[in-house]
Amino acid sequence: MTFPPPEFNLKVLLEKLKGDELKSFKCQLWTLPEFRDDLQRPSSCDVQDADNMELADILTKKFPSNRLRHVTLNILEKISCTESFQTSGRETRHRSIIEKLSLFWRNRYCTKSFHVHDNMHRSQELMQFFNPKIATKSLSETVVLYGPAGVGKTTLAKKCLQEWTAGGQGGQIRCAFYLQCRELNHMEPCTFGKMICMDSPEWEDEIMEILTLTQEVLFVVDGFDELRVPVEALINELCGDWGTKHPAPILLSSLLKRKMLPHSMVLVTTQPQALRDLILLVEQPLFIEAEGFSEEERQAFFQRHFGDEKEAFRALSAVRANSALFHLASAPDVCWMICTCLALQEKGEDLAVTCQTCTSLFLKFLCTQFPPASDGDHTNGYGNSLEALCLLAAQSLWMQQSIFYGGELWRLGLNESDLCPFLDKGIIQRDWHCKDCYSFIHLSVQQFLAAMFYILKSEEGRDGAKWDIGVVQKLFSREVRYKNSNLAQAGLFLFGLLNEKRTQELETTFGCRTSVEVKQELLQLLQSKPLESKPFSVMDLREIFSYLYESQEEGLVKEAMASFEEMSLCLKTSTDFMHSSFCLKNCQCVEKLSLQVERGIFEETKVGLEACLQVLKHQNHSSSLFLWADLCSVICSNKNLSLLDISQSFLNEPSARILCDCLTSVSCCLQKVVIRDISPMTVYRDICLALIGKKTLTHLTLVGRVQESKTLLLLLLGEMMKHKKCNLQFLRLGSCSASIHQWDNLFLTLHINQSLTCLDLSDNKLLDAGAILLCTALKYPRCFLKRLSLENCHLTEASCKELSSALMVSQKLTHLSLARNDLGDTGLKILCEGLCYPECKLQMLVLQQCNITKVGCKHLSELLHGDCNLTHLDLGLNPIATGLLLLCDALGHSNFSLKCLGLWGCSLSPLYCHKLATALASNQKLETLDLGQNFLGKSGITMILETLKDSHGPLKRLRLKIDKSNRNIKKLLKDMKASNPSLTIDNVTRTTAPSYCDLFSEHPETILTTDYLRGRGI
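What you see is a predicted model, and the numbers here were worked out from it, not measured in a lab.

Considerations on the overall build of the protein chain
Right, so step 1: The helix and strand inventory of the protein chain stands at 50 helices and 25 strands.
Right, so step 2: Counting only residues that meet the buried cut, the protein chain has 53% of its 1018 residues in that class.
Right, so step 3: Of the contacts formed within the protein chain by residues at least 6 apart in sequence, a portion of 79% connects residues at least 24 apart.
Right, so step 4: For the protein chain, the accessible area works out to roughly 45300 Å², and carbon and sulfur atoms hold 51% of it.

Shown next, in the form of structure tokens:
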């Protein structure tokens, strides 16, 4: 057999194979891993039985021509005994090319950064991938190395490339290729070979041939987040032919989707925001996070940079105090920048001031790199260059580009000479691979300079819109930032640059003029209502505080927060404490403040009083306790603050002591305090102690799983109410575990205290015995309680006799809730005896979910036929069913006194609607009726609406479960709106019963009419 000429003709080649040679050829096909998966299918029988020409047709249809050519020639060489010298020569040439390529990567991607070795050893997953000697077969063939900009992903990827090419053992041939995604964006359509050999085009033919001989191939795909092609296009236009020209991104996606070289190893680096798109292109990847410098490595870097251990510690401590800055220092370039800046500070200068915010540090770094000229000129002459660089930073940030090319500068009206001062100082850097390509040393530097673009007044009056740069409002738009997450940090820097001292330093150093209009724009956005300003509806209070803190401008905070009267804060970190205290101390208009402190901020330790004081004494300014104390000081300093709500929070004894010290302060003017679900339990005790004798306090809520035996809470509340300065009007106590005797001690104080008018004991296991003791207190002539809630207190009919007796005697009690107690019909009958008593003053009674049936409705009907003072009655979630007919009899009676009636979820049916409609037509008192969550059907609702359409009675609000898709009902509602405009009909969609906290509303006429039925609390 002789070998063919360079022209490749598969049929001619296979036709020359004899029987044994054809059999050997087929056997060699089976040995190739790349072809084994494709051929091990039912169609493999065709390959085994095929003759020369049939085999040529099968292979031509199955595989791209370029791949097939190299494989065919390789197999022919292996089965040829007479041409062994050609094989030897070819392998020698291949190895020579691989060695040159390996040397090329080593020389080109020299990684001397000292943190690479430590990073690799910190992750066993990385070591398995980077070191071929310990790689396992079970390892994923695709590894995704992700992390924020500047943490060393590219450095690690290049190190991996070197390790791979250096790891070939025995007869193995290892080759690796580096693909930079930002370069692929600018490539013309090409073949797969052209793309992977762009750095060594002279070896393309040999390299493509080598790829058919080995499976030991690594592709490093660097910067997937920089690829500027929609992922949908990448998925829909895959190809598998090496020899066909396609756009480079399509060839890359074909490699990632395993259409090209399915058994090669692929390492992809990307920023986190691109992971969602990347996942669509890779199969079963191994995800590894690149974290940059560890805390220990940052410490080592500071030590190496400063040399002096004390100076390094001083600088590192200042940076640690700012968690955002310390986090940025995990990026090696930022860590260098911070150290460079702090090392240039004068001796004795307070580094904490420089590190107070990220903006202050970045601005200080920029100004120290360009000191004023020594010839007496106040500026350094780089103002125009700075403006040019800021324009470039803003434009590339909005375009989501991290690099730019020299050829693009003219479009922005810039020259390469504008960049030279910043190249020299390392603020921007030239790409060693492409001399015409530049990038900022870190994304945060680009964001900082982009923010500066908005405050610099350019003499040329550059218009941002001309360069695709969004206006200030867009910078804070949630929709825009969702598409471009890098804008958020630029917004933070922009607020930081509003500081007058910083702008003055910038003007002095560079001779630039800054704009005051930006400050006014931001103030308008902050002060506008969410509906009027979509961009700032994006910002929650926590985010607003972080921006205002970054400015360190107290005047700005006062202006921005002037319209904020209520605030609700969820404090997750000590940084939240820092931001919140700074803003709240400069916001004296806040009247209501709600706080939630998450677990983990304070150490959960138990210490005595002396130890607690020692802990507080030795706290540094960045500790959680010190910052908490700063935040709590607002309680004393803000004279307008009237309500403090701390709920679902985790404190410790020292933090509780700080809070209590502020509550006891004479300057604390709080009127309402809400403590709900706080840990540890002892906080309730400490707060009670702090509030005893607090003259301004009128409302107190204490809710949580509190054990009286451990906290003495009831005892302390009793002492509070007996105090001569006590002005408490409202007390809510929930989920307290106490004995009957302990409850009795509290109830005995009711005849002493003359200020308490509202008592809410909902969700306490009071039991009948406790309720009976309370009723005894209610009978005292000097008991001033007007409103009482015993909801879910585990009461039965056994307590109803004393309750009824109390209703007869009490001359003050007007509102009573007994909801969620199993009183039954018998208990209701006993209550009605007290309610019908002429001296009973009760106006509102809540009997929701009390197991009342139609039997109980009979007693209520009799009560409502007579003379009683009851005006509000709620029977929600009671299975009264046909009992409605009895209530309708009372509803049509002239003595009926109810203004509001709640029948939510009472198992009512359409059968009763005619009687109800008739009663409503004749009733002259009822103003509000709640029939929500009753399935009245189309006929029942139609009957009620038809009756009310022409009625002009007192009914003002009706709540129904309505099917608005029904045309007849829809028309009826429209007609009613025209004929009876004073009647409002609410469609009930909620599936939970309304809340009854409005039992304690200061405006009883609104009960069961507005907020009450909507489930809103006080």
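Some points on the packing of helix α41 (residues 740–747) against helix α42 (residues 767–778)
To characterise two packed helices, one gives the angle between the axes of the helices and the distance between these axes.
Right, so step 1: One can describe the packing of α41 onto α42 by two numbers: an axis separation of 9 Å at closest approach and a directional angle of 15°. Relative to α42, the element α41 lies roughly parallel. Classified by chirality, the crossing of α42 by α41 is right-handed. Judged by residue contacts, I740, D744 and F747 of α41 engage A769, G770, L773, L774 and A777 from α42.
Right, so step 2: Within the contact of α41 with α42, the residues separate by chemical class into 6 nonpolar, 1 polar and 1 charged.

Here we look at the environment of G876
Right, so step 1: Residue placement: G876 occurs in the loop between β21 (872–874) and α46 (883–891).
Right, so step 2: Once residues lying within four places of it in the same chain are set aside, the contact partners of G876 are L847, Q848, Q849, G902, W904 and C906.

Focus on the state of the cysteines
Right, so step 1: Scanning the model with the defined rule gives 0 disulfides in all.
Right, so step 2: The cysteine C850 is free of any disulfide, with C800 supplying the nearest cysteine sulfur at 8.6 Å.

With respect to helix α36 (residues 624–637)
Right, so step 1: End to end, α36 covers 20 Å across 14 residues, agreeing with the expected 20 Å (1.5 Å per residue, within 8%).
Right, so step 2: Within α36 the residues assigned to the buried category are S624, L625, L627, W628, L631, C632, V634, I635 and C636.

So, α42
Right, so step 1: Over its 12 residues, α42 runs 17 Å from end to end, which matches the ideal 16 Å to within 8%, given 1.5 Å per residue.
Right, so step 2: Looking only at α42, the buried set comprises D768, G770, A771, L774, C775, A777 and L778. Buried positions in α42, seen along its axis, are confined to an arc of 165° and lie on one side of it.
Right, so step 3: Buried positions along α42 lie against α41, β17 (758–760), β18 (787–789) and α43 (800–809).

Details of the packing of aromatic side chains
Right, so step 1: Summed over all chains, the structure comprises 24 aromatic pairs.
Right, so step 2: Taking 5.9 Å as the distance between ring centres and 20° as the angle between the ring planes, the aromatic pair formed by W743 and F747 counts as stacked. Of this pair, W743 and F747 both sit in helix α41, separated by 4 residues, roughly a single helical turn. You'll find W743 and F747 in the same group, each marked buried.
Right, so step 3: One aromatic cluster is present, built from ring pairs that chain together F177, F192, F219 and W242.
Right, so step 4: Residue placement shows R298 over the ring face of F326; its charged tip is 4.3 Å from the ring centre.
Right, so step 5: Directly above the aromatic system of F370 lies the positively charged group of K425, at a separation of 5.9 Å from the ring centroid.

Here's the deal with unusual backbone geometry
Right, so step 1: Look at the link from S679 to P680: it is a cis peptide, with omega at 5°.
Right, so step 2: The residue P680 is located in the loop between β14 (672–679) and α38 (682–691) in this model.
Right, so step 3: One non-glycine residue, Q648, lies in positive phi territory at about 45°.
Right, so step 4: Note on placement: Q648 falls in strand β13 (residues 643–650).
Right, so step 5: Even without glycine at this site, Q849 takes up a positive phi of about 55°.
Right, so step 6: Along the chain, Q849 turns up in the loop between β20 (844–846) and α45 (854–865).
Right, so step 7: With a relative accessible area of 41%, Q849 lands in the partly exposed category.

Some points on the side chain of N52
Right, so step 1: Position of N52 among the secondary structure elements: in helix α5 (residues 52–62).
Right, so step 2: Assessed through its relative accessible area of 17%, N52 is described here as buried.
Right, so step 3: Once you skip the residues sitting within four places of it in the chain, N52 turns out to touch L14, E15, L17 and L22.

So, how was this worked out
Residues numbered from 1 in each chain as written. Predicted model: local features only at pLDDT ≥ 70, side-chain atom pairs only at ≥ 80, totals over all residues. Heavy atoms only, no water. Helix = DSSP H or I, 4+ residues; strand = E, 2+ residues; numbered from the N terminus. Buried < 20%, exposed > 50% of the residue type's maximum accessible area, 1.4 Å probe, protein only. Contact = heavy atoms within 4.5 Å. Areas by Shrake-Rupley, 256 points an atom, 1.4 Å probe, with all protein chains shown as cover. Axes fitted to C-alpha atoms, helices over the stretch in contact; angles between N-to-C directions. Parallel < 35°, antiparallel > 145°, perpendicular 65-115°, else oblique. Left-handed = near helix turned anticlockwise from the far one by under 90°. Nonpolar A, V, L, I, M, F, W, Y, C, P; charged D, E, K, R; others polar. Disulfide = S-S within 2.5 Å. Expected span 1.5 Å × (residues − 1). Arc of directions from axis to C-beta. Phe/Tyr/Trp six-rings, centres within 6.5 Å; stacked < 30°, edge-to-face > 60°. Lys NZ or Arg CZ within 6 Å of the ring centre and 35° of its normal.

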